[in-house]
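The residues making up each chain are set out below.
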Amino acid sequence: MFHFTVIKMPLFYVFFRVRLPPVEAMPTPYHTRSWLGPPCASRTHKNTFSRLGVDQQPAAQAPDWNEELQAAKDLPQGSLEERLRRDKALLQVNSAFVRAVTQGAETVIDGFVEPVNGNPEDPAFLWGGLFMSQGAASDVFGGERGRRAAQRLELQGVQAYGHIEGLQGLHTLPTAVVDYRGVRMSAQGLAPGLEGLLYGVNAGPQESPQRRRLLEHLASAAKALSLQRNVVVAPKGHKVPLFTSVDAQGLVGADGRFYLLDVFRSLPADANFCPEAEDYCSSSGLPTSFPHGLCRLRPELVQAFIQHKHNQFTQRVREQLDENGGFEECDSRSTNAVRDACKEVGSVSNIIFEMRFNPNVFSPGITFPDTESKSVKLQERLLREAAAFIITHQIPAFLEFCLQNSEVPMDGASLKQALHLKGINLRYLGHVIKAISQSEHKERLRHILRTAIGEIFLRSTKRTFNSFLQGVEVPSLSAAVSHFLCCLLVPHFTPTNVGEDTKKKSRRRGRGAGPSESTPWSTLTGSELWNLVCQDATETYNISDVLGSGPNHLVDHYGLQRLSLLRGFCLKTGVQLRLRDYVLDNQNKAPIGPDDILNIFPVVKHINIPIVDASKAYHAAQISVQKGVMDQAHEQLKEASYLFGRVCDDLHPDACHCYSLMARVAFLQGKAAEARSVQLKAVVISERVFGFDHPNTIQQYALLAVYMYAGGENALAQKCLLRARLLMLTVHGEDHPYTASLDSCLGLVVTGNQAEQYLKNALRLSTSFFGPTDLHTALNQHLLAQWMCSKGDYRGAMTHEKEALAAFTSMFGEDHPQTRCSVEFLSNITKQAVRVERSLRQAGAECSEQVVEVHSGADVQSVNQSVTTKQKEYKQKHMELKAAVKKELLEKLKNELSLSAILSGEEKTKDQETEGGKEMEDGENTETNESGEEQPAEEMPVESTEELSANDHEVDPAENKAHEETTEEEAADSEQSDTGSNAQIVVNGEAEMKSGSDDNDEINGATQMSTSPSVLKSNTTWADIVSKPLIVNGETDKDTAVTGAEDVTANGVAEE
């Protein structure tokens, strides 16, 4: 029986355990680094006393990575099914290759593999079918910095040639770059046996069918990459025509394939950092020198510059044709106009627009023949213009994007991505800071300035850290890294004597006890480290005195957080910390100890395998969304998500964006449940692919909260928003535009005083970053006004709604649905404020009319008791009156008129407005006669209500009686001004005022809101707050108000 129980329990758990969805259970194609580890984890560094790592993968079992990759590339692509199988095979091979590179880097750098060559300056290693080397440091390229740049550019060149669509027959080796323990290594698959050099400067003149076919492939690749055919002088003196840079070599392998190697200078040179270029931009201090000589332009910049030149070309042709009297086909005037435009913009052709760049221009050590002098001068001109294009167009365009959007960079990774999309290299961070400092919107761009300075600091610190780790042994890694972090985060940190703590460290199990004597790394102080970081930042980014004298300067002057800096440093260097609360503000104690350093992971840069068909469907869906064709976009997104699932099992960055857009489209179509389900999948993918605290994950959590709230899951929505806000505070801090979006959402979800705090903080941040007349600020004003109205603070609600109305009017005009909705809401809260105040006055007047009679002076005590009793009775009656009014207003709220029906009505003529005003006056007179004592709520104008108190004000009986005597004349005057005040609230006669006591009560009662503001029930408001509003053909959708309520009542409340 005992044995039966032992067998049954595992089977029970096997059959009845909760199974995770595939997207949560399947491994990701590439390892996602996390800078925090579990608190109970132990150090996972390899044991230096074990040599088991040497024989883990014997050479006989090593895979042929190159053959596997090339075989996957050669798969057929005739049908969709064949292309999907090919993309999946490529992704699987590249994923396995990256995992092998990660393991190989750890094994090689930890000292488990002997080099295959005898060169200590450039050791090479063979492990697991990989050829790994550091590369030779050349003084021509800038020494150590140049060697690292060459390895990175080699990977970019392989990526550029590998992504050329339709290019068959030209191959590159599988390549990756890995950083581990301060060492950068380049890993490649082993090339097959090479039969001969067919292309290159050192190839020599030769003619063969294989060479001609290789040149055809290179010519096609050069056209796709916008590279110009050029001629250089070889070292032996003969001329060599090239389609690539002088370093590239074309070979034929034993497998019969053509291979292209050494493509690290395939992209055009950046003239801004070439001292040999002429001084063409002296105002910006360009050109200038750089620590290495391999500054190249990004492919995104090349494409943007070509588009800029094409716009100039078309404009120039149009101007010349207009001057000559028009355009006629096959006319000599049109031909001359095209020729002149081509010459003016720098086209390499005289008859058509064609922009190409010579990658060998501005490269040291290259000689061109005299016959190429004209072409070389043209290429130097184009490269200077392209370099100036970065300063004059791309950087200002990036800053303008940051001014207009709330989804701007939050950390260094998102800043890098945003700059690369504009074609701006990170070496321009100093120029970005300078542009922000000179901008008139410097205060609104302070979050970008803060992120840029933090990125400069972290990148300079990383280079210093790489040099710091060179002499550190594996047993001392944890102590060395913790010592470095203490020097970095604690100003003027002075290390203690290592020998004093030897016994204490030796008692820590699994930790290196440290050397018995002081080592070079243990003598580093905080001031020395800071000087090294500042020196590197000055040399690299041409900035001075920006970082200040210590970390306190970054915190106090720029608002940077030590926690954010610690997170960025760990992600860049691969350091993993123990999960616990770190007190980083203590200046007298080391915040991080050796026990807090769990691991150091290799940071791998690899090729990104494109998923072609799925990406095409996703981009087509984006175009459909921009056009407003939501049904078509939804179908295209379904197709794209299916294709992503077939290739990468949805664990891909583009798949995450696809699911997020699909959820947004479904939400706009009114499918809240489907949006919630799809967005939940997007959140899971983002956490697994990007990381738990990546900026994209924060945005996905906020969108999930929107859809959860739309489905009635208020508690879960609040948890998602609080998690997103906590991650936002960790990544960047509170002073960011996206924090305003999160606080707006939290103000609608939470209850009590917290809602007011969130809404006011969102309004403060929106006003600071976008200005008082921006859409984000106007929406926050509107939301805060609705919350105040729900709490009875009508005076504050009117103040904020007037600001929102002014912003809506300036942006959209008076005829926009959002403006009319704001006008109607302002009118209703004004009337409600008047009504509540009149009720309080009448209640006070009734109590003041009851006089307390005193017969003799001996009854003073009884008189006091009587007065106290009367005051209590008045307060009780006052509270009962308020409760009755609130109950009545809540009942009227259910029967309020629909604003959508009012807005969809036809526009009233001026005669109808006059007639409606007369009916309103007749209704007021009738209501006055019937009610006797109570005056209609519409009698007080908007201006007079600003002086009233409706915030639970208790009116003293005697004070109220005296006040009644002074306001009788004002009440009479207010009756005459009633019609005029209402006429100002009506916009174009579309808001029709009804007569009669019941109608007026219904309109007034409709403004008494419940604790849930109306915007919570809308479909678009949250999406507009969390992300930028949907733009259709450059304008907002006029069928849906900005608040997102399609069917709203008179006060903007969406119908349930």
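- Per an unreviewed UniProt entry, the recorded name for the protein is Clustered mitochondria protein homolog, and the organism is Sphaeramia orbicularis.

### Structural notes on the pairing of strand β2 (residues 124-127)
On any regular strand, side chains alternate: one points to one face of the sheet, the next to the other face.
Thought 1: Examined bridge by bridge, β2 and strand β3 (residues 130-133) share four bridges and lie antiparallel to one another. Pairing of Ala-124 across the sheet is with Ser-133, part of β3.

### Concerning the sheet that holds strand β6 (residues 183-189)
Thought 1: Spatial ordering of the open sheet is given by β2-β3-β6-β5-β14, a layout of five strands whose pairing is antiparallel. What marks the edges here is a single partner per strand, and that holds for β2 and β14 (603-606). Ignoring which end each strand starts from, the neighbouring axes of this sheet average 25° apart.
Thought 2: Pairing of β3 with β6 involves four bridges; the strand directions are antiparallel. In the strand pairing of β6, Leu-130 is matched with Gly-189.

### Regarding the packing of aromatic side chains
What describes a pair of aromatic rings is the distance from one ring centre to the other and the angle between the planes of the rings.
Thought 1: Following the criterion strictly, the structure yields 15 aromatic pairs and no others.
Thought 2: Ring geometry for Phe-141 against Phe-264: centres 5.8 Å apart, planes inclined by 75°, an arrangement best described as edge-to-face. In this pair, Phe-141 is assigned in the loop between β3 and α5 (143-162) and Phe-264 in the loop between β11 (258-261) and α7 (299-323), connecting sequence segments 123 residues apart.
Thought 3: Centroid distance Phe-273 to Phe-290: 5.3 Å. Interplanar angle 70°. Geometry classified as edge-to-face. Residue Phe-273 is found in the loop between β11 and α7, and its partner Phe-290 is found in the loop between β11 and α7; the two are separated by 17 residues along the sequence.
Thought 4: On the basis of relative accessibility, which here comes to 14%, the residue Phe-290 falls in the buried class.
Thought 5: Here the aromatic residues Phe-465, Phe-468, Phe-484 and Phe-569 are joined through ring pairs into a cluster of three or more.
Thought 6: One cation-aromatic arrangement involves Arg-446 over Phe-769; the distance from NZ or CZ to the ring centre is 4.1 Å.

### Re the pairing of strand β9 (residues 239-242)
Thought 1: The side-chain alternation of β9 yields one buried face, formed by Val-240 and Leu-242, and one unburied face, formed by Lys-239 and Pro-241.
Thought 2: The sheet contact formed by strand β8 (residues 230-233) and β9 spans four bridges and is antiparallel. Residue pairing for β9: Asn-230 is matched across the bridge by Leu-242.
Thought 3: Counting the residues between successive antiparallel strands, the hairpin from β8 to β9 contains five residues, one of them, Gly-237, with a positive phi of roughly 105°.

Parameters and conventions
- Residues numbered from 1 in each chain as written.
- Predicted model: local features only at pLDDT ≥ 70, side-chain atom pairs only at ≥ 80, totals over all residues.
- Heavy atoms only, no water.
- Pairing = 2+ DSSP bridges.
- Helix = DSSP H or I, 4+ residues; strand = E, 2+ residues; numbered from the N terminus.
- Axes fitted to C-alpha atoms, helices over the stretch in contact; angles between N-to-C directions.
- Phe/Tyr/Trp six-rings, centres within 6.5 Å; stacked < 30°, edge-to-face > 60°.
- Buried < 20%, exposed > 50% of the residue type's maximum accessible area, 1.4 Å probe, protein only.
- Lys NZ or Arg CZ within 6 Å of the ring centre and 35° of its normal.

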